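# Examination of the molecular architecture
Chain residues, written in single-letter form:
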Amino acid sequence: MKSYGCQMNVYDSTRMSDLLGAEGYSEAASEDDADLVILNTCHIREKAAEKIYSELGKLAIAKRARAAEGREMKIVVAGCVAQAEGEEVLKRARVVDLVVGPQSYHRLPNLLKQARDGARLTDTDFAVEDKFDTLPQPSRSQILQRGVSAFVTVQEGCDKFCSFCVVPYTRGAEISRPVGDIVNETRRLIDAGVREITLIGQNVNAYLGAGPGDQKWGLAQLLEHLSEVNGLSRLRYTTSHPVDMSQDLIDAHAGLAKLMPYVHLPVQAGSDRVLKAMNRKHTSADYLDIIGRLRAARPDVALSSDFIVGFPGESDADFEETMALIREVGFASSFSFKYSMRPGTPGAERKDQIDEEVKRDRLAALQALLEEQRQTFNAATVGRRIEVLFEKPGRHEGQIAGKSPYLQAVHVEGPVHMIGEVARVEIVSAGSNSLAARLCPATGEAAA
Ligand code: 5AD
Ligand code: SF4
């Protein structure tokens, strides 16, 4: 099972593993041992999609080698490339046996049975049944193996239609899972030892799910309810859209101690002209206003964002407005990309595409600024006392590693029995990708 792209795919990959586990499959350490290879693919940028075809080229060689030994290897393309390209995948890569979309993977066992006699199949239907209802639950040991931090999908799809993005086409319309299902899944994870839950969705803060009675619950209400689950230490949610950043969600950051003070809120660009062309439905002032209200609610909140440079028509002045917005906000971490033309999206139709070199230069300048801000943010934690959720043994003997509230990797000298616990540490130094810390004596002192 190989997962590409976003957290949604990571979650879907674990669910496919659970599903096939119930059919007698177990995960192979590498593709050389695998009877079945599933690539859970990403279509967000051209590069991501093309990567799949080069991976399939390599798998074709492995499949032939196995066939020469009289052993079979079935190859499945799942996820967003499957959804976007459908049968084209079968045409372009002879090695593929099965193409299955993100809304139909619960039908995998059946599809694999049909593919047994050499049939090559595509299933990219948006299912009428609820795929979550038909997926088996993972066992306690499976959950533990995956660690103390888990994703729970609460919402899928997108109705926003940003003019650069394929998601509304590959993942379909926004739908929210019912509150009861999410609570049950969360409880099961917590009972098995999970301590941190990240609620995920392409537009997670557009969540509006069926609650008790006829009520519809928003994300703030869901977070409040989940924060009362015993045994849960931390809650997060991602990815949010600025237009759905309601005041009650902002207020939840003030009121819920378990909700981490770290918000991923993509802005994409800082120029209102570009934001309008991107069909983002917010201005840079709207974005800054949200950041101001988040900081008022939770003064220690840190922000991360996604940026696209070189959207069609973006001038030097527009780009400078993005740089100015970054300087004004100050991000702890970010993802940034060159605009990539995606078939079927309005952005790809535009005649004023930006030169590759211009995009490259803008991306380099933007990433240099974001990297400087990331380093500054990390350096500012040195000397501070913060809480860390320990997740795994560290790289060196006697060390354990975990995450700060801001998703920074932190390692300390400490006993492995602390894995799964939240403990206060003092940050000693900041490296380029992780923080070194020491455990604070358990005196109940308040965090700085
Ligand atoms: N080109 C470049 N980046 C894109 N993203 C989405 N579509 C494109 C595209 N066509 C980026 C956005 C989004 C993130 C997941 O991927 O920044 O927030
Ligand atoms: Fe894509 Fe925009 Fe929807 Fe995000 S909000 S998934 S960027 S269309």
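This text goes with the structure placed above it.
What you see is a predicted model, and the numbers here were worked out from it, not measured in a lab.

## Quick notes on the site of ligand 1
Around ligand 1 lies a shell formed by Ile 44, Arg 45, Phe 164, Gln 268, Asp 306, Ile 308, Phe 337, Lys 338, Tyr 339, Ser 340 and Arg 342. Within the side chain of Gln 268, a nitrogen or oxygen atom sits 2.6 Å from an oxygen atom of ligand 1. One nitrogen or oxygen atom from the main chain of Ser 340 is found 2.8 Å from a nitrogen atom belonging to ligand 1. Here ligand 1, which alone exposes 400 Å², has 87% of that area covered by the protein. Among the elements of the structure, strand 14 (302-309) and strand 15 (333-338) are those that each provide at least two residues to the shell around ligand 1. The class makeup of the residues in the shell around ligand 1 is five nonpolar, two polar and four charged.

## Here's the deal with the environment of Leu 439
Of note, Leu 439 is situated in strand 20 (residues 435-439). Judged by its relative accessible area of 26%, Leu 439 falls in the partly exposed class. The spacing of Leu 439 and Gly 414 is 25 residues in sequence and 7.5 Å in space, taken between C-alpha atoms.

## Observations regarding the sheet that holds strand 13 (residues 262-264)
The strand order 13-14-15 describes an open sheet built from three strands, whose pairing is parallel. Edge positions in the sheet fall to strand 13 and strand 15, since each of these pairs with one other strand and no more. Across this sheet, the average inter-strand angle for adjacent strands is 10 degrees, counted without regard to direction. Direction of pairing for strand 14 relative to strand 15: parallel, over a ladder of six bridges. In the sheet register, Ile 308 faces strand 15, and the bridge partner there is Phe 337.

## Focus on the pattern of salt bridges
Within this structure, the stated rule accounts for 36 salt bridges. Here Lys 113 ties to Glu 23 by a salt bridge, and the two come within 3.9 Å at their closest N and O atoms. Of this pair, Lys 113 sits in helix 5 (residues 108-115) while Glu 23 sits in the loop between helix 1 (7-21) and strand 2 (36-41), and the two are 90 residues apart along the sequence. Across the salt bridge formed by Arg 438 and Glu 426, the nearest N and O atoms sit 3.8 Å from each other. Placement of the pair is Arg 438 in strand 20 and Glu 426 in strand 19 (residues 422-430), with a sequence separation of twelve residues. With relative accessibility at 47%, the residue Arg 438 sits in the partly exposed group. Via salt bridges that share partners, Arg 15, Asp 18, Arg 146, Arg 177 and Glu 185 belong to a single interconnected network.

What counts as what
Residues numbered from 1 in each chain as written. Chains lettered and ligands numbered in written order. Predicted model: local features only at pLDDT ≥ 70, side-chain atom pairs only at ≥ 80, totals over all residues. Heavy atoms only, no water. Near = heavy atom within 4 Å. Polar contact = N/O pair within 3.5 Å; in protein donor to acceptor, adjacent residues only side chain to side chain. Areas by Shrake-Rupley, 256 points an atom, 1.4 Å probe, with all protein chains shown as cover. Helix = DSSP H or I, 4+ residues; strand = E, 2+ residues; numbered from the N terminus. Nonpolar A, V, L, I, M, F, W, Y, C, P; charged D, E, K, R; others polar. Buried < 20%, exposed > 50% of the residue type's maximum accessible area, 1.4 Å probe, protein only. Pairing = 2+ DSSP bridges. Axes fitted to C-alpha atoms, helices over the stretch in contact; angles between N-to-C directions. Salt bridge = Lys/Arg side-chain N within 4 Å of Asp/Glu carboxyl O.

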